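# Coordinate analysis (summary)
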Amino acid sequence: MIGVSTETTDEPDLTYPSSEWAGFFKNHFGPSMLWALIGIGGSHIVLAPTLGGTFGLFAIWVFAIIYLAKYGGWELGIRYNYGVGGNPVEAYGDIPGPKNWMQWFTVAVFTIAYTGITAAVGMSTAAFVEALTPLSFPQAFVACVGLAGALVLFARYSLLEKLLMGFTIALGVLVLVGVLVGPPSGEVVVETTFTAPDLTGPLFVGLFAAAAGFAPTGFSTSVLIGSWSMAKGEGAGELRERGLDPDDERHHDYIRAWIRTGRRDFNIGYVFSFVLIVAMVLLASNVLYPNPPEDANLAVAIGDILSESFGEWSYYAMVLGAFAALYSTVITLLDGASRATADVLPMALEREDLDSEPIRKLVVVGIVAVSCGVVLTVGTVPVTFLIWISALLAVTEILFYPANWYVVREHLPEPFQPSRKWIAYYTVSLALVLLFGLMGAAHEFGYL
């Protein structure tokens with residue numbers, strides 16, 4: 001139910017979040033699903049079937065460890081969003097070291113790294129377009145990414161975005177139902193569930209690092225979900241907008257309620273993402289194991305993933321749904337990277353008077369042009385390139401986790417600081433994330 005708190009006659013009423021599920025979904029739910037839908041692209045459509053097709057059901061343990069370890073990086077961001085009333089990136093300038101270095105690093109991630117991510121996800125998208133149309137792979141890539149760039153630059157693409165999200169959600173439902181209709185055979189369950197591969201071999205290390213870098217998404221998306229959360233004007237952000245002090249103990253119950261609500265919202269998206277990636281592993285283990293998708297047959301392999309559940313007709317449903325999920329990710333990457341850069345670059349330069357719109361447009365054009373050049377140079381390698389760029393992300397995006405922890409520790413009022421149990425969890429999970437990064441570095445630089 002929704003309650004109202006009035007501290008004094010001179011202060012405005014504060015609307016507490018709904019504690020009941022119906023009110024929560026009506027008024028507060030949303031940012032987490034936008035975040036989750038970003039991840040239902042390369043990680044779910046390509047990496048999950050690749051790991052399932054390679055390691056069978058053991059891949060579920062891999063993703064479970066990754067999801068458990070990486071949760072803290074986003075939880076800290078959510079805690080900051082609602083407890084301080086801002087996006088963590090705004091406080092990155094306070095991190096010790098060279099002036100505004102973490103904000104400059106964030107700009108580099110959203111320009112350089114996201115160019116590689118766009119190229120990787122765009123390659124996978126092009127593979128499905130090639131399977132559905134007469135276009136060649138390079139033509140499909142340039143058409144898809146070029147059109148996505150034009151939409152982000154000039155068009156109001158909300159209708160297309162809703163259509164793609166609709167196909168993505170439909171795909172998720174179809175995949176979940178497919179698992180119930182055609183679960184893995186007993187032979188595959190017995191053979192792969194508890195049978196570990198060579199954990200120090202280059203194949204396992206490389207695929208684990210790729211999954212750790214890209215599943216459910218990279219830590220940089222804490223900046224994006226922070227923007228979406230702040231757009232709702234809830235928690236400490238509402239206090240600041242009304243000229244009230246979040247440190248005032250009279251507002252503490254209000255802020256606690258909003259931190260819990262923000263975490264509840266994120267948890268739903270996080271669990272949805274994990275359940276769907278497990279479902280993809282289950283289907284891949286049943287249909288593809290021990291022959292994972294390869295560069296030459298990505299679309300065909302993924303298209304067949306529902307065949308044992310629903311028959312031949314499901315091939316086109318899966319291909320179309322996979323295309324929608326991947327293409328919506330391409331659009332979101334271009335839009336999110338350009339907007340984030342346009343927001344953060346003035347902070348790094350300490351030039352709040354800069355017009356963000358030209359920066360946004362320049363970033364879109366740059367990512368589209370460079371990613372097209374990358375694809376025309378490296379050729380048709382959608383699986384190989386996605387694994388390579390994903391393993392690289394396991395290395396480059398580590399910094400967002402300790403950065404979020406630092407700004408929470410320095411800026412969150414004392415009553416909302418993490419408990420000892422949370423601190424213990426952050427310590428262990430960050431150590432695991434650092435291990436993932438070492439695995440990514442070993443894969444990228446050929447140490448294994």
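Below, the structure is looked at part by part. (Residues numbered from 1 in each chain as written. Predicted model: local features only at pLDDT ≥ 70, side-chain atom pairs only at ≥ 80, totals over all residues. Heavy atoms only, no water.)

## Some points on unusual backbone geometry
Following alanine 215, the chain continues to proline 216 via a peptide bond in cis, the omega torsion being -10°. Note on placement: proline 216 falls in the loop between α10 (202-214) and α11 (221-231). Residues other than glycine seldom take positive phi values, yet asparagine 100 does so here, at roughly 60°. Along the chain, asparagine 100 turns up in the loop between α5 (88-91) and α6 (101-132). Positive phi, normally seen in glycine, also occurs at glutamate 350, with a value near 55°. Looking at where glutamate 350 falls in the secondary structure, it is placed in the loop between α16 (314-349) and α17 (356-378). (Helix = DSSP H or I, 4+ residues; strand = E, 2+ residues; numbered from the N terminus.)

## Comments concerning the environment of asparagine 291
Summarising the element assignment, asparagine 291 is placed in the loop between α13 (252-287) and α14 (298-303). Residue asparagine 291 is classed as exposed on the basis of its relative accessible area of 55%. On a C-alpha basis, the gap between asparagine 291 and glycine 52 in space is 9.3 Å, while along the polypeptide they are 239 residues apart. (Buried < 20%, exposed > 50% of the residue type's maximum accessible area, 1.4 Å probe, protein only.)

## Topic: the pattern of salt bridges
Counted under the stated rule, the structure contains 10 salt bridges. The salt bridge involving arginine 242 is made with glutamate 238; its shortest N-O contact spans 2.9 Å. Here arginine 242 falls in the partly exposed class, since its relative accessible area comes to 36%. (Salt bridge = Lys/Arg side-chain N within 4 Å of Asp/Glu carboxyl O.)

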